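# Structural overview for review
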Amino acid sequence: HKSTVIITGASSGVGLYAANALAKRGWHVIMACRNLEKTEAAAQTVGIPKDSYTIIHIDLGSLDSVRKFVQDFRATGRSLDALVCNAAIYMPLIKEPLFSPDGYELSVATNHLGHFLLCNLMLEDLKKASTSEPRLVILGTVTHNPNELGGKIPPRPDLGDLKGFEAGFKAPHTMIDGKKFEPVKAYKDSKVCNVLTMRELHRRYHESTGITFSSLYPGCVATTALFRNHYPLFQKLFPVFQKYITGGFVSEELAGERVADVVADPAYNQSGIYWSWGNRQKKDGKSFVQKVSNEASDDAKAEKMWDFSAKLVGLA
Ligand code: NDP
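Analysis parameters
Residues numbered from 1 in each chain as written. Predicted model: local features only at pLDDT ≥ 70, side-chain atom pairs only at ≥ 80, totals over all residues. Heavy atoms only, no water. Helix = DSSP H or I, 4+ residues; strand = E, 2+ residues; numbered from the N terminus. Expected span 1.5 Å × (residues − 1). Bend = angle between axes of the 7 residues up to and from the residue. Polar contact = N/O pair within 3.5 Å; in protein donor to acceptor, adjacent residues only side chain to side chain. Buried < 20%, exposed > 50% of the residue type's maximum accessible area, 1.4 Å probe, protein only. Contact = heavy atoms within 4.5 Å. Pairing = 2+ DSSP bridges. Axes fitted to C-alpha atoms, helices over the stretch in contact; angles between N-to-C directions.

## Digging into helix α6 (residues 183–209)
The end-to-end C-alpha distance of α6, which contains 27 residues, comes to 37 Å, matching closely the 39 Å that a straight helix rising 1.5 Å per residue would cover. Along α6, the helix axis deviates most sharply at arginine 203, where the bend reaches about 40°. Its side-chain oxygen 3.2 Å from the backbone nitrogen of valine 184, glutamate 182 forms the N-cap of α6. Note on α6: the residue one or two positions beyond its end, glycine 210, has a positive phi of about 75°.

## A few points about the side chain of aspartate 177
Looking at where aspartate 177 falls in the secondary structure, it is placed in the loop between α5 (163–166) and α6. Looking at aspartate 177, the relative accessible area reads 10%, which means it is buried. At 2.8 Å, the side chain of aspartate 177 and the backbone nitrogen of lysine 179 are in polar contact. Only 2.9 Å separates the side chain of aspartate 177 from the side chain of lysine 185, close enough to count as a polar contact. Not counting chain neighbours up to four residues away, the residues in contact with aspartate 177 comprise Asp158, Leu159, Gly160, Lys163, Gly164 and Lys185.

## Thoughts on the sheet that holds strand β4 (residues 82–85)
Spatially, the eight strands line up as an open sheet ordered β3-β2-β1-β4-β5-β6-β7-β8, and their pairing is mixed. Of all the strands in the sheet, just β3 (53–57) and β8 (287–289) have a single pairing partner and so form its edges. Between one strand and the next, the sheet's axes are offset by a mean angle of 20°, whatever the strand orientation. Across five bridges, the pairing between strand β2 (residues 28–33) and β3 is parallel. When the sheet's bridge partners are listed, valine 29 is paired in β3 with tyrosine 53. Those strands touched by helix α2 (residues 36–46) are β2 and β3, and its axis lies near 160° from that of β3.

See the structure below:
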């Protein structure tokens, strides 16, 4: 019997290589993606065996699509042993916000709200996992944390008092803190929400469900398509900068293995934890439990974020 993992955004980058790594470890991978043909081609390119994956459509920017995905997954009859929330968009150069079909700013809608709904709905599935120790993993990032070198570059994330969420998060409210639209900050804010969501899931559900909730920062994977919307010169120099200056560069393969470890390795069975790797670019770099940013460790903020998000996705 194979264990089953759902990975969002498995058509490229970290998600694709995590899918490959887990397939190699004997898992069946549900590739939850918005572009079916691209995903099929990507799976074949990295050589995931045909019988090790199933592709199911999801557009994380659309709440209806997230709900439809859950139905489609349940229709496969598989039990769910792990969920990896990995998909994300980053659009540093846009001047005006883009909006999801639900009317929410698109990067927060995709990276946070879609995953927030997915996690909440799929708790039911994880509770019925075929393994004794189901896991839910959400990708974090160094840029969520201004205490780290990689997180110091402005603009810094700041959810403030979540005034934008409180006001319903529809235009003219395009930032969680209710302030002026800033696309880089919107991405960082969404990643703070990812970490807060993981910690709040742990606080609410770990004891009662036995599900292990965790996040990780696999290192800077400067070659993925995440930077496709940046200046061409940035795309060229960023990997070089990460490799030789910050030393944070990791390959997509290594990042994928790290995600697979957090999903499947018995050593990563702690809940409420954010994993990071020392000596990030080295294959034998050791993982450790890292303290998250001040904002991402604020329990009162986590609860507020949870309540507003639940309203925005129609759960409350
Ligand atoms: P990529 O851009 O390579 O992959 C992002 C994935 O998300 C793609 O599969 C993309 O699909 C998918 N996606 C985007 N929007 C949607 C949507 N609306 N619905 C469904 N899927 C969607 O990025 P990375 O692999 O670099 O990033 C993956 C994760 O790792 C992110 O959470 C990111 O924050 C995190 N991370 C990345 C780091 C890095 O240095 N690259 C560092 C730290 C964390 P499509 O192929 O169709 O575009």
